[in-house]
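Structural overview
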2 protein chains.
Amino acid sequence: MKAAFYEGNKSIRLGECIAQEPKAGEVQLKVSHVGICGTDLHIYHGAMDKRVTFPQIMGHEMSGTVAAIGEGVSNVKVGDPVTVMPLDTTLCDASDPYKHIAKNMKFMGIDTPGAFQDFWTVPAFTLHKLPKSLSLKHGALLEPLAVACHDVRLAELKPGEDAVVLGGGPIGMLVALVARATGANVTLSEISPFRVDFAKSLGLDAINPKEKDIQAHLQEKTNGQGADVVFEVTGSAAGAQTMTTLPRIRGRLVVVGIAPTPHPVDLFQFFWKELVMKGARVYEDEDFEAAIKLADSGKLPLDKIITETKPLEEAKAAFERMEKGADVMKIVLEL
Amino acid sequence: MKAAFYEGNKSIRLGECIAQEPKAGEVQLKVSHVGICGTDLHIYHGAMDKRVTFPQIMGHEMSGTVAAIGEGVSNVKVGDPVTVMPLDTTLCDASDPYKHIAKNMKFMGIDTPGAFQDFWTVPAFTLHKLPKSLSLKHGALLEPLAVACHDVRLAELKPGEDAVVLGGGPIGMLVALVARATGANVTLSEISPFRVDFAKSLGLDAINPKEKDIQAHLQEKTNGQGADVVFEVTGSAAGAQTMTTLPRIRGRLVVVGIAPTPHPVDLFQFFWKELVMKGARVYEDEDFEAAIKLADSGKLPLDKIITETKPLEEAKAAFERMEKGADVMKIVLEL
């Protein structure tokens, strides 16, 4: 069988790989579709070389069908369509309520082999069954969609509230769509003209803060009250600066973007308006279930989110194009 | 009657003042004791000259007795010992749940005349009655104590949790004491040797981060888990840097200190540990009631918090000493 190996120094090599038989409590999946994540690109750039093992099989946004089950597995049967919540919490304290962000949690596809291979063997507890009505192609979007569901859930976003999303990459775009599906009035801020146009094509109120004052836009849109919720999905200094200028009194901020270094933050605004800020990382089981339900509802333009579907053989080319900042939202590899 | 007037340029003048008769809905108080707050010192420094009106009568941490009541006042009667929650919310939207931080809230003693005068006339709704068992001298501490009760309430601090207070001025010290009274294990971090020694004399685990690594101290104290709650009461860049290094996964931060400019904040830690940060400003009625109950319980070393009691005539000298960084916790003026 085939796999795509990251070998350091922006090298992705397609090669032969041995399928792992499922041990007790494990399930072997026939991989169908795998999305390429910003984190995969980050690995490709060499930014996580100290964390990954060479050669690293990346890929954690996937769908597939159960090919074989190990001893004692009862939650799925051969042939079931599934997706994986790629958090291996085997080594975590069983009583820990926050296993999804626990120290000993292994992120599959980063800390362990991922889904850029024909057959992927995973712990059975990581599986979420997919409804037959959901295509396996769309199934590859469930992992990033679960991130968005987690972010919106932690924000405690309610119908009718005003939400701002700073950053319109795949995660920001999905956060905006989940927020809209929740019934919020959404504004998306993004500096890439391609992404702004893309968001507009989805009917989102998208603005480019280089062209329009987002604070003034929000003030006007909310009768001077400010936003109920701001999602910071850029990780940038500009996002950290802007995020405190938008919320209303007691407004909520959710930190989704990964800031590489500390950025200046106007803590006075937290004091003055009693703002609340929460960090949000990955997801929990209920977020995957919410994502599956939402994807299956047909309410989200998932077809449009997937810009291209390519065979695994073109993984290298896909990474190269993404690195050059190609106008893509999500590239999905088909195995 | 006498009043102390701030006239700009670090000038405090004692002079004659006309007592205001209480109008409908108002109460005239015979002022007993008034504490000098860091905000008063800030005004004295000229930092709020654009906000105050000259000559400004400062003072908002007070106790007194009801001298006269205006038409329609039924919540107090002449002779009642009281304190004032100095938030004039007359101009706020009646349905606003957050009147205490609303745009049109007037802070009494800053935006309107304060309590550095023999008789102070205030809206009746700002009054909280004091139990006879509580001295009027201690009554002057209720306002800062209500700040601390608000901070601890927003932190949702529970008995047995580990709390860190960054900054051991009067507010930080009271936050530490309220946190301890709540049943938390408290660590206080403070760079002033006087304040560290003072905190130790109250039985608090106080450390000077210039002498001891506070992160290592917390790790040891919490078996490597980190703090449940961190109160940032310094407003400093060092506090903003330290605050994200101390909490456990899903730990809570409360921003109490007033940061004059944006400070670098490690947003990655918010993401990675799903930290929650809340700003906390002033108080609400329930915090005053909690403060009165706690002060009256005798559980807090309020006598020790009050370093000196001076007549109003010595207000100018008290401000001058505080400005020079004298080793005082709280100076209370007696009228």
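As the structure is a computational prediction, the values presented were derived from the model and not from experiment. Numbering of residues begins from 1 in every chain and follows the order in which that chain's sequence is written. All chains are assigned letters beginning at A, and all ligands numbers beginning at 1, according to the order in which they are written. Totals for whole chains, interfaces and linings use every residue, but because this is a predicted model, local features are given only for residues with pLDDT of at least 70 and side-chain atom pairs only at 80 or more, for both listing and counting. Excluding hydrogens and water, the side-chain values take into account all heavy atoms of the structure.

1. Looking at the relation of the copies chain B and chain A
When chain B is brought onto chain A, the operation consists of a screw motion whose angular component is 180° and whose axial shift is 0.0 Å, with 0.0 Å RMSD remaining. What the rotation and shift describe, once combined, is the action of a two-fold rotation axis. Residue P264(B), judged by its C-alpha, is the member of chain B lying nearest the rotation axis, at 2.0 Å. Here, two residues are considered to be in contact whenever any of their heavy atoms come within 4.5 Å of each other. Both copies share a contact surface, since 100% of the interface residues of chain B are interface residues in chain A too. When the copies are overlaid, the least-squares fit takes in C-alpha atoms only where the residue has pLDDT of at least 70 in both copies.

2. So, the side chain of H128(A)
Residues and elements named next belong to chain A. Here H128 lies in strand β9 (residues 127-129). Judged by relative accessible area, H128 falls into the buried class, the value being 6%. Counting of polar contacts relies on pairs of N or O atoms within 3.5 Å, with two restrictions inside protein: one atom must be capable of donating a hydrogen and the other of accepting it, and residues adjacent in sequence are counted only when both atoms are side-chain atoms. Of the polar contacts made by the side chain of H128, one reaches the side chain of D285; its length is 2.9 Å. A polar contact of 2.5 Å, which involves the side chain of H128, links it to the side chain of E289. Those residues in contact with H128 that lie beyond four places of it in its chain are P81, V82, T83, M85, D285, F288, E289 and I292. Only runs of H or I of at least four residues qualify as helices and only runs of E of at least two qualify as strands under DSSP, and these elements are numbered from the N terminus. Exposure is judged per residue with a 1.4 Å probe applied to protein chains only, and the accessible area is read against the type maximum: over 50% gives exposed, under 20% gives buried, and values in between give partly exposed.

3. Description of the packing of helix α3 (residues 142-154) of chain A against helix α4 (residues 170-181) of chain A
All names here are of chain A. Note on geometry: axes are C-alpha line fits, over the in-contact stretch for helices, and angles between N-to-C directions span 0 to 180 degrees. Contact pair α3 / α4: the axes reach a minimum separation of 8 Å and the direction vectors enclose 55°. When the axis of α3 is compared with that of α4, the two are oblique. Relative to α4, the crossing made by α3 is right-handed. Of α4, the residues touching α3 (which contributes P144, L145, V147, A148, C149, D151 and V152) are I171, L174, V175, V178 and A179. Oblique is the label for every angle not falling under 35 degrees (roughly parallel), over 145 degrees (roughly antiparallel), or within 65 to 115 degrees (roughly perpendicular). Each helix crossing is assigned a hand: it is left-handed if the near helix lies turned anticlockwise from the far helix by less than a right angle, otherwise right-handed if that turn is clockwise.

4. Things to note about the pairing of strand β14 (residues 247-255) of chain B
Strand residues, when the strand is regular, have side chains that alternate between the two faces of the sheet. Residues and elements named next belong to chain B. With respect to burial, β14 is a largely interior element, 8 of its 9 residues being buried. In terms of strand pairing, strand β13 (residues 227-232) meets β14 through 5 bridges, oriented parallel. Paired with V230 across the two strands is L253, which belongs to β14. Note on handedness: a clockwise path from strand one over the helix to strand two, with the strands aimed away from the viewer, defines a right-handed crossover. Each parallel crossover has a hand, and for β13 linked through helix α7 (residues 237-243) to β14 it is right-handed. Two strands pair when backbone bridges link them, and β14 and strand β16 (residues 276-279) are joined in this way by 4 bridges, in the parallel orientation. The residue bridging R252 from the neighbouring strand is V276, located in β16. Strand pairing is assigned whenever DSSP detects at least two bridges linking the two strands.

5. Details of the sheet that holds strand β10 (residues 162-166) of chain B
Reading across the sheet, the 12 strands line up as β12(A)-β11(A)-β10(A)-β13(A)-β14(A)-β16(A)-β16(B)-β14(B)-β13(B)-β10(B)-β11(B)-β12(B) and stay open at both edges, with mixed pairing between neighbours. A strand with exactly one partner marks an edge of an open sheet, and here the two such strands are β12 (205-207) of chain A together with β12 (205-207) of chain B. Across the sheet, the axes of successive neighbouring strands diverge by a mean angle of 15°, strand direction being ignored.

6. Describing helix α4 (residues 170-181) of chain B
Expected span, for any helix, means 1.5 Å times one less than how many residues it has. Under the 1.5 Å per step criterion, the end-to-end length of α4(B) is 16 Å for 12 residues, consistent within 8% with the ideal 16 Å. G183(B) lies just past α4(B) and shows a positive phi near 105°.

7. Some points on the packing of aromatic side chains
Pairing of aromatic rings covers Phe, Tyr and Trp, the last counted by its six-membered ring, and requires centre-to-centre distances within 6.5 Å; plane angles under 30 degrees mean stacked, over 60 mean edge-to-face, and any other angle means tilted. Throughout the structure, instances matching the rule amount to 16 aromatic pairs over all chains. Each ring, one from Y283(A) and one from F288(A), has its centre 5.0 Å from the other, and the planes form 90°; the classification is edge-to-face. Measuring from ring centre to ring centre gives 5.1 Å for Y44(B) and F319(B), while their planes differ by 40°; the resulting arrangement is tilted. Of this pair, Y44(B) sits in helix α1 (residues 38-44) while F319(B) is found in helix α11 (residues 315-323), placing the two residues 275 residues apart along the sequence. Of the aromatic side chains, those joined through ring pairs into one cluster are Y44(A), F116(A) and F319(A). Looking at R281(A), its charged tip hangs above the ring of W272(B), at a distance of 3.5 Å from the centre. Whether a charge sits over a ring depends on NZ of Lys or CZ of Arg being within 6 Å of the ring centre and within 35 degrees of the ring normal.

8. Thoughts on the environment of E286(B)
Take E286(B): it is sitting in helix α9 (residues 285-296). Each C-alpha atom, one on E286(B) and one on A3(B), is 31 Å from the other, the two residues being 283 residues apart in sequence.

9. Digging into the environment of F54(A)
All names here are of chain A. The topology assignment puts F54 in the loop between α1 (38-44) and β4 (61-69). Taking the relative accessible area as the measure of exposure, F54 reaches 41% and is therefore partly exposed. Along the primary structure F54 and G8 are separated by 46 residues, whereas in three dimensions their C-alpha atoms are 7.3 Å apart. Not counting residues up to four positions away in its chain, the partners in contact with F54 are Y6, E7, G8 and D49.

10. Describing unusual backbone geometry
All names here are of chain A. A cis geometry characterises the amide bond from F54 onward to P55, with omega recorded as -15°. Positionally, P55 belongs in the loop between α1 and β4. For E156, which is not glycine, the phi torsion reads 50° and is therefore positive. Mapped onto the elements, E156 comes out in the loop between α3 and β10 (162-166).

11. A closer look at the interface of chain B and chain A
Listed as interface residues are 38 residues of chain B and, on the opposing side, 38 residues of chain A. Summed over both partners, buried area is the accessible surface (1.4 Å probe) that two parts give up on being assembled. Taking both partners together, chain B and chain A bury about 3300 Å²; carbon and sulfur atoms supply 67% of that area. The largest per-residue losses of area from chain B upon contact with chain A belong to L267(B), F271(B) and R281(B), which jointly make up 21% of the total buried on that side. A carboxyl oxygen of Asp or Glu within 4 Å of a side-chain nitrogen of Lys or Arg is what we treat as a salt bridge. Our enumeration of links across chain B and chain A arrives at 2 salt bridges. Here R250(A) and E284(B) are joined by a salt bridge, their closest N and O atoms 3.4 Å apart. Linking chain B to chain A there are 15 residue pairs in polar contact (both at pLDDT 80 or more). Breaking the side of chain B that touches chain A down by element, the ones donating at least two residues are α3 (142-154), α7, β14, β15 (263-265), α8 (267-273) and β16 of chain B. Element by element, the count of residues in the side of chain B that touches chain A is highest for α8(B), at 6 residues. Tallied by class, residues from the side of chain B that touches chain A come to 23 nonpolar, 5 polar and 10 charged. Following the grouping adopted for this structure description, the nonpolar residues are Ala, Val, Leu, Ile, Met, Phe, Trp, Tyr, Cys and Pro, the charged ones are Asp, Glu, Lys and Arg, and the polar ones are all others, Gly among them.

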